[in-house]
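Spelled out from the first residue to the last, the chains are:
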Amino acid sequence: ARPSHCHTSRAVGSRRLHPRNQTASLGSRKMASDNAMDALNPGKSRKTTDCACSILFILCWAGMLYIAIMGFLHGDPDRLLYGLDYKFDQCGKLNTAAGRGITSLNVNVALTDGNGTKPILLGGRDHTSEPMYYAVAPGGTRFPASYAGICAGVCPNANLERIGYKPSEWVCTGKYYDKSNRPDLTVSGMPYIRSFTKAGVDSFVSDVESMGSKLKEQNAYLTSFFLFKTSTEGCPDTAANDDERCTICYPSYPTVSYGASAYCLPNLTFIAENKNMIASVLGDKFDLGAISSAADKILGSGGATTLQVIADAYTALPVILGCMGAAIIVGFIWAFLVRLFVKPMMVVTIIGVFIGLALGVWTLWQKANEMRNSALYGVNDNFTAYADVTMGFFAANAACLALYTIFILCFGRSIFLAIGVIVEASKALAAMPALLFVPVLPAVLTFGVFVYFVIAAFYIASTGELKMDGSGVAQIKYDDNLKGALAFHFFGCLWSSVLLNHVGWAIVGMSVVQWYFARDKSADIGRTPVLTASGRVLRYHFGSVVFGSLIVAIVKYIRYMMHFVKKYITPENAVCGSFIKCIWCCIDCCLRCFEKLLEFISRNAYIIVAVESESFCTSARHAFGFLVSNLGGLAMVQVIGDSFLFLGKAFVALVSTGIAAIILTQSPWYNLNTTSIILPCTIVFIGAWMIGSLFMGIFEMCIDTIFMSFLIDEDKKLGFADGALKAFIADASKGKGEKVTSSTKGKATTSAPNVKPTVQA
């Protein structure tokens, strides 16, 4: 039972005596009481903390906006989205001088090595109706680019499973780039003198001259085939569009285009199966292997398989988006039911995760068996790879199901011990249901920051200088200034996304401490406790949240930069390379752990900020002292409480993924138009897990806040804790050989202003 006498300088009913509370109780209540400050720091007003950090964040965004504006004014993201043909004309654009915004098509471009420039003559063609980039052949000595590319309205040879060897199926550069310039390839009958008259003879002469001109044009086109081009002279950089030296025709190869891609990608399966036959017919001058290798380099090993899997995800996009929406509904339902029925929902969550895993095992087993029993298995390499990957996912899911079953059987009793903490968190949510919507606005704003970053980054990156060489994709030179601008812009957006997440934590912490330290849980928190807490966080403690998020963002930025640098470090020695990879992994693991530690300290620091109204560093030091003084209770709450939250995330993710798997396997249309359900289901699982994490994050912050508030409560002997929570923490600490300080036991206190962590003597 809560003690009836006063443990501090004010009695239970002394709320009426405090001037701030007198104002709140006069007439209609204008603002909820600041219960945490009244309970722990009576007579002290809340103050603004870490203002300098707020100014720093504003300056950071000012720099980001300046960089973005420069990118919007001088950049053109289409240079990154669309390819450039062999004359450096951009596909999908009007490339005349006026369309480019320049006075002349004679321009200087950077050399391959970046040292100096070189004059070239741009093509100036109108490609507004030709957005697709097609690599005709490797440039070699004939063209300045690594790959001679053209722009097309549709991908050449897209519907054929053979080489387009007929003259009408060729793809050409130079004079015959535009198909309207190609001659009529039909051959009419031989001319003859129809009558021995003046008119008959004149008609015969005219027919012979016309046929000769037509045959000459046909001969010019046919002899532009690459096998007739024996001269080693290349296409000059300043050559006109119809220059004979640049006019070369090649047979077309089968291509594919997935989704909204602006590139005609080679059909890698066809090329792999037929490149030897093609080489035996056309020789080594038509090197499809080089084009195939370039596509594999861009797409990674197994490029054709990668493209097909991506195509499956694109086809299943409506199912993916629908199941993402279902995940939000499942998350709301789970959070609402847990708030009302904690213990039953615990059982439902455990059973639901088991059913979700079992459903995944069953679905993958059925699909893997179906694919392995197909006639294509063992014959078609890509189909065989899909089947084997599906069987691998089945084995992984089966292992997860077995481990989950063992975990529940061995640790089920310990999980239920954490219900004491979760009950208190559910009480706070019941009193303040608006807490469930706290992560919604930060999530929406984070998505907005991501969209802004992507759009601005495209514009900033496209301001670089045009390069002389390339593969037809993003032929842009990036100097140090541009690289620095992109890095700064990335850090600013990363910091902003971390800050939005931390603001949500701070609002939840402020709301829960006001509820915990309220004598009257319904009256003292006001009508809009979450809105009031949001105002206090943004008005008084935004700088502290900026400070905490900055520390975490710096560590994240270092990790991401390490991953970026690692991609460009390829030691020649295999042993040395493996050793360096191992070192990279160890460093990344340490940084990841350090990042998680900083996030944990920041969450608890925000709780102390809400209670003490002190700076971030002071609050972090006090929070750390409290946690170190109560390691037993901390271990129980973090391990057991987080286990329950993990089950909640898994429940939301597996239910949503199960729905997607059922639709993709049982719907005749999706079963016919998709080869594998792996990538669509993986995307749904990741997205649903992130959505579930938003809802579970509310519970996690509530649990952490109640635990820290209880420690402060017991340290100051205020008597706000309920018996169930006090018994749980006391039992946990006793089991770890520790004792939580209570009002009935002697204690020694460490020196710290306002709120002081205590350690049992």
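(A) Expanded view of the packing of helix α15 (residues 480-516) against helix α16 (residues 529-540). Between α15 and α16, the least distance of the axes is 8 Å, while the angle of their chain directions is 120°. With respect to α16, the element α15 is oriented oblique. Between α15 and α16 lies a crossing whose hand is right-handed. Between α15 and α16, the residues in contact are V503, A506, I507, M510, S511 and Q514 and P529, V530, A533, S534, R536, V537 and L538, respectively. Class assignment of the residues belonging to the contact of α15 with α16 gives a composition of 9 nonpolar, 3 polar and 1 charged.

(B) The arrangement of unusual backbone geometry in detail. Positive phi outside glycine occurs at D50, with the angle close to 55°. Following the sequence through the fold, D50 ends up in the loop between α2 (35-40) and α3 (51-74). A positive phi is found at F88, a non-glycine position, where the angle reads about 65°. Looking at the secondary structure, you find F88 in the loop between α4 (78-81) and α5 (97-100).

(C) Geometry of the state of the cysteines. Throughout the structure, instances matching the rule amount to 3 disulfides. What pairs with C91 in a disulfide is C151, and their sulfur atoms sit 2.0 Å apart. Sign of the S-S torsion, about -80° for the bond between C91 and C151, identifies this disulfide as left-handed. Here C151 lies in strand β4 (residues 147-152) and C91 lies in the loop between α4 and α5, a separation of 60 residues in the sequence. When its relative accessible area of 0% is taken as the criterion, C91 is described as buried. The residue that forms a disulfide with C172 is C249, at a sulfur-sulfur distance of 2.0 Å. Sign of the S-S torsion, about 110° for the bond between C172 and C249, identifies this disulfide as right-handed. Within this pair, whereas C172 is found in strand β5 (residues 171-172), its partner C249 is found in strand β6 (residues 249-250), the two being separated by 77 residues in sequence. Look at C172 and you get buried, because its relative accessible area is 1%. Here C53 is not cross-linked by a disulfide; its sulfur's nearest cysteine counterpart is in C617, at 8.1 Å.

(D) Spatial organisation of helix α19 (residues 616-629). Taking 1.5 Å as the rise per residue, α19 with 14 residues should run 20 Å; its terminal C-alpha atoms sit 20 Å apart, in good agreement. α19 sits mainly inside the fold: 10 of its 14 residues count as buried.

(E) A look at the layout of surface pockets. In this structure, the largest pocket occupies an estimated 2000 Å³ of space. Along the walls of the largest pocket sit 44 residues, with T446, N501, M690, S693 and L694 positioned nearest its centre. Looking at the lining of the largest pocket, the elements with two or more residues in it are α10 (317-340), α14 (440-461), α15, α17 (542-566), α18 (574-612), α20 (631-666) and α22 (678-716). A class-by-class count of the residues in the lining of the largest pocket yields 28 nonpolar, 7 polar and 9 charged.

The rules behind these values
- Residues numbered from 1 in each chain as written.
- Predicted model: local features only at pLDDT ≥ 70, side-chain atom pairs only at ≥ 80, totals over all residues.
- Heavy atoms only, no water.
- Axes fitted to C-alpha atoms, helices over the stretch in contact; angles between N-to-C directions.
- Helix = DSSP H or I, 4+ residues; strand = E, 2+ residues; numbered from the N terminus.
- Parallel < 35°, antiparallel > 145°, perpendicular 65-115°, else oblique.
- Left-handed = near helix turned anticlockwise from the far one by under 90°.
- Contact = heavy atoms within 4.5 Å.
- Nonpolar A, V, L, I, M, F, W, Y, C, P; charged D, E, K, R; others polar.
- Disulfide = S-S within 2.5 Å.
- Buried < 20%, exposed > 50% of the residue type's maximum accessible area, 1.4 Å probe, protein only.
- Expected span 1.5 Å × (residues − 1).
- 1 Å grid on protein atoms, 1.4 Å probe; cavity = no way out; pocket = protein on both sides within 12 Å on 5 of 7 lines; lining within 4 Å.
- Points joined across faces, edges and corners; volume = space filled by probe spheres on them.

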